[in-house]
Amino acid sequence: MPFTLEQLDFLSVHVGVAIPPTFIENKRRAEEFKKRSAEITARSDEMKQRRDGAALEELFKQATAAAGGKDFVGGLKVLDQVESTLAIPEAPPPPPPEPKAPKPTEAPPMAKRDPSKDGAFVKLQTSRFQWSQTRDQVKAELASLEQVILDEVKQINADPNEEFEFDLDDLAKKSKELYTILDKLDVRLLKTLDQALGAENEARAQKQKEAAAIVKEYQVILNSDPLVARIDNSGFMNTNIKQTCAKILDNLASNL
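In what follows, the accompanying structure is described.

Criteria and thresholds
- Residues numbered from 1 in each chain as written.
- Predicted model: local features only at pLDDT ≥ 70, side-chain atom pairs only at ≥ 80, totals over all residues.
- Heavy atoms only, no water.
- Helix = DSSP H or I, 4+ residues; strand = E, 2+ residues; numbered from the N terminus.
- Contact = heavy atoms within 4.5 Å.
- Expected span 1.5 Å × (residues − 1).
- Buried < 20%, exposed > 50% of the residue type's maximum accessible area, 1.4 Å probe, protein only.
- Salt bridge = Lys/Arg side-chain N within 4 Å of Asp/Glu carboxyl O.
- Phe/Tyr/Trp six-rings, centres within 6.5 Å; stacked < 30°, edge-to-face > 60°.

## Notes on the side chain of Gln208
Secondary-structure assignment places Gln208 in helix 10 (residues 201-224). The residues touching Gln208, leaving out its near neighbours within four places in the chain, are Ala120, Leu124, Ala196, Asn255 and Leu256.

Okay, here's the thing in structure tokens:
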């Protein structure tokens, strides 16, 4: 299965794989042709009812033949002719559907302290366990994503119809860039929580404040880092890294 533009963009921007611009541009044209030709196909009944329907169908066949020969520039130009002709109605167009009212956006829940909860030590233990478990989960998802990328690239390289072949050794090295998420959401919080658990009274309270500050730092990273923002929409597999981290960090913020 050929790469999508979304996948190529992810590999180029976030993994650092060098991909020729002409290859990406040809992929963009191919996807544009696929989308636009599907839209025209959906209007086949409308074309048949027009006086110039036969001519439009012939143009559409020419466009499809050009795309079949990977002449997407030529195919798109012919689609332009079909679309511009269809834009001139021979009969009053049907009324457009009423737009759906947008759903009201809900404000994200604010992390609140629960005054009914006691036991700072238990909260610290819980926080440490949750963050350690979350980092393990993120690492496992990143490993799965890395393997899916490598497997799909191998399949693409084996496809004789693909115009570009990836350097697998280079990709294997650059795919480690995915794990920089864990470098940013690092082990400092775990170490600080360990220190808090081993301290008492004012020393514990101080370490707890330091842990809370690190949580806020992680939350800023989560909402500003480009790779974190894109990781769950790489186009290769479904991950839930950002949402998982955000939920746990909200919980930690309310406990520390």
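## Regarding helix 12 (residues 241-255)
Between its first and last C-alpha, helix 12 extends 21 Å over 15 residues, near the 21 Å set by a 1.5 Å rise per residue. Looking only at helix 12, the buried set comprises Ile241, Thr244, Cys245, Ile248, Leu249, Leu252, Ser254 and Asn255. Close packing links the buried residues of helix 12 with helix 6 (120-157), helix 9 (188-198), helix 10 and helix 11 (226-231).

## Examining the pattern of salt bridges
Applying the stated criterion across every chain yields a total of 17 salt bridges. Each member of the salt-bridge network shares a partner with another, and the members are Glu25, Arg28, Arg29, Glu32, Arg36, Asp80 and Glu83.

## With respect to the packing of aromatic side chains
A complete count under the given rule lists 5 aromatic pairs for this structure. Note on Phe164 and Phe166: the rings are 4.9 Å apart at their centroids and 75 degrees apart in plane angle, and the pair reads as edge-to-face. Since its relative accessible area comes to 4%, Phe166 is described here as buried. Of the aromatic side chains, those joined through ring pairs into one cluster are Phe23, Phe164 and Phe166.

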